[in-house]
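# Coordinate inspection notes
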Amino acid sequence: KPLALPGAHVVVTGGSSGIGKCIAIECYKQGAFITLVARNEDKLLQAKKEIEKHSINDKQVVLCISVDVSQDYSQVENVIKQAQEKLGPVDMLVNCAGMSLAGKFEDLEVSTFERLMSVNYLGSVYPSRAVIATMKERRVGRVVFVSSQAGQLGLFGYTAYSSSKFAIRGLAEALQMEVKPYNVYVTVAYPPDTDTPGFAKENQTKPLETRLISETTSVCKPEQVAKQIVKDAIVVTMGLFRTIALFYLGSFDSIVRRCMMQKAKSETIDKTA
Ligand SMILES: NC(=O)C1=CN([C@@H]2O[C@H](COP(=O)(O)OP(=O)(O)OC[C@H]3O[C@@H](n4cnc5c(N)ncnc54)[C@H](OP(=O)(O)O)[C@@H]3O)[C@@H](O)[C@H]2O)C=CC1
Ligand SMILES: CCCCCCCCCCCCCCCC(=O)[C@@H](N)CO
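My aim in this report is to walk through the structure given alongside it, one point at a time. Here, residues in each chain are numbered from 1, in the same order as that chain's written sequence. A letter from A marks each chain and a number from 1 marks each ligand, given out in the order of writing. Predicted model: local features are reported for residues with pLDDT of at least 70 only, side-chain atom pairs are reported and counted for 80 or more only, and whole-chain, interface and lining totals are derived from all residues. Water and hydrogen atoms were dropped before computing side-chain values, which therefore reflect all heavy atoms in the structure.

### A few points about the site of ligand 2
What counts is decided by this rule: The nearness test applies per residue and asks whether one of its heavy atoms lies within 4 Å of the molecule or strand. N or O atoms within 3.5 Å of each other form a polar contact, as long as, within protein, one can give a hydrogen and the other can take it, and as long as residues adjacent in sequence are counted only when both atoms are side-chain atoms. Only the protein chains shown count as cover for residues, with accessible areas throughout obtained via the Shrake-Rupley method and a probe of 1.4 Å. Put simply, the grid is 1 Å and covers the protein atoms alone, a cavity is a trapped set of points that fit a 1.4 Å probe, a pocket is an open set with protein on both sides within 12 Å along at least five of seven lines, and lining residues have an atom within 4 Å of a point. Criterion for pocket placement: a molecule counts as inside a cavity or pocket if more than half of its atoms are within 2 Å of its grid points. Just so you know the grouping, Ala, Val, Leu, Ile, Met, Phe, Trp, Tyr, Cys and Pro go in nonpolar, Asp, Glu, Lys and Arg go in charged, and all remaining residues, Gly too, go in polar.
Around ligand 2 lies a shell of 14 residues, among which Ser-148, Gln-152, Tyr-161, Asp-193 and Glu-202 are the nearest. Within the side chain of Asp-193, a nitrogen or oxygen atom sits 2.7 Å from a nitrogen atom of ligand 2. A distance of 2.8 Å separates a nitrogen atom of ligand 2 from a polar atom in the side chain of Glu-202. Coverage of ligand 2 by the protein chains reaches 74% of its 600 Å² of free accessible surface. In this structure, ligand 2 is accommodated by the largest pocket. By residue class, the composition of the shell around ligand 2 is seven nonpolar, five polar and two charged.

Structure below.
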């Protein structure tokens, strides 16, 4: 069944700019309560004001939380707890905080590989890890990961970025198999180049080859990309690749379900014994 956004609590990391901000607006327009997570407090407040212009009732709230999603798990866990105390359990988490730096492999600093992996990958692991137990208990939840077209194809200039976005896909697909029996759904978005402050910044470091490859496709509007991401998260459908993998995944899902039932059965036996 589709997730009902009216009254739902949606947490958007990277919600103060670009695609994340547009995702927050899209959910707010449909009646959700929003928690924005990002580092810079001025940008957070600015985004909050902009989002609040789209309210559809006077109960709706936009909460801002300043934290680095990639630094320290316990910090991230704490702010998620704070958000849940104020706005209730998280119904949907959108992992959109991320960054890109392009350059030839030998020109990129080694620290760039570490930074991109920590922000794009660990920065998606930490918030997800902080919400998933409650989602499983409640049998309600959506976790959205924002990868990239460069998370499906390795492209010139993206040795550091692509690998961090490929990692998200592995995480998401494995997690989906774990949480499906609990009615929790995981989606991954693979957006193309999108007109955002992050994209403008990335363009300052792009090698010529990367620029020419990028120019073979057009740049999308963040509102349009956000709309699609929210739609895919609410009504989970199956893509072509998933359909091909269906047979295998179906049989693996039944293993997972069997184990879940087995566990439940032995727990009731333990209780009655
Ligand atoms: N624009 C594009 O062409 C595409 C973008 N994507 C992906 O979409 C996502 C959003 O991109 P886009 O909208 O362009 O980016 P922007 O740079 O416009 O926005 C990034 C957001 O993430 C936040 N953020 C960045 N690092 C951290 C951190 N360590 N901790 C917490 N928050 C952080 C920023 O706030 P602050 O800096 O204050 O922390 C900001 O809110 C990224 O994951 C990107 O890789 C995917 C495909 C295409
Ligand atoms: C099966 C998929 C087919 C896709 C067609 C391939 C076209 C490639 C064109 C270049 C794409 C670059 C995307 C990077 C976007 C991004 O994540 C950064 N801009 C972030 O800032």
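Picking up where we left off.
### Examining the site of ligand 1
Test applied: The helix and strand labels rest on DSSP assignments: H or I over at least four residues marks a helix, E over at least two residues marks a strand, and numbering proceeds from the N terminus.
Inspection of the region around ligand 1 gives 30 residues, with Ser-16, Ser-17, Arg-39, Tyr-161 and Thr-196 positioned closest. Between an oxygen atom of ligand 1 and a side-chain N or O atom of Arg-39, the distance comes to 2.7 Å. Within the backbone of Asn-40, an N or O atom sits 2.9 Å from an oxygen atom of ligand 1. Relative to its unbound accessible area of 890 Å², ligand 1 is 93% covered by the protein chains. The cavity where ligand 1 resides is the largest pocket. Going through the elements one at a time, α1 (18-29), α5 (159-179) and α6 (197-203) are the ones with two or more residues in the shell around ligand 1. If you tally residues by element for the shell around ligand 1, the top one is α6, at three residues. For the shell around ligand 1, the residue count by class is 13 nonpolar, 12 polar and five charged.

### Points about the environment of Cys-96
The test is simple: The cut-offs for exposure are 20% and 50% of the maximum accessible area for each residue type, with area from a 1.4 Å probe on protein chains only; residues under the lower value are buried, those over the upper are exposed, and the others partly exposed. Residue contacts follow a heavy-atom distance rule, with two residues in contact if any of their heavy atoms lie within 4.5 Å.
Turning to its location among the elements, Cys-96 is positioned in the loop between β4 (92-95) and α4 (110-138). Looking at Cys-96, the relative accessible area reads 14%, which means it is buried. Residues contacting Cys-96, with those up to four places away along its chain left out, are Thr-13, Gly-14, Ile-19, Gly-20, Ile-23 and Val-146.

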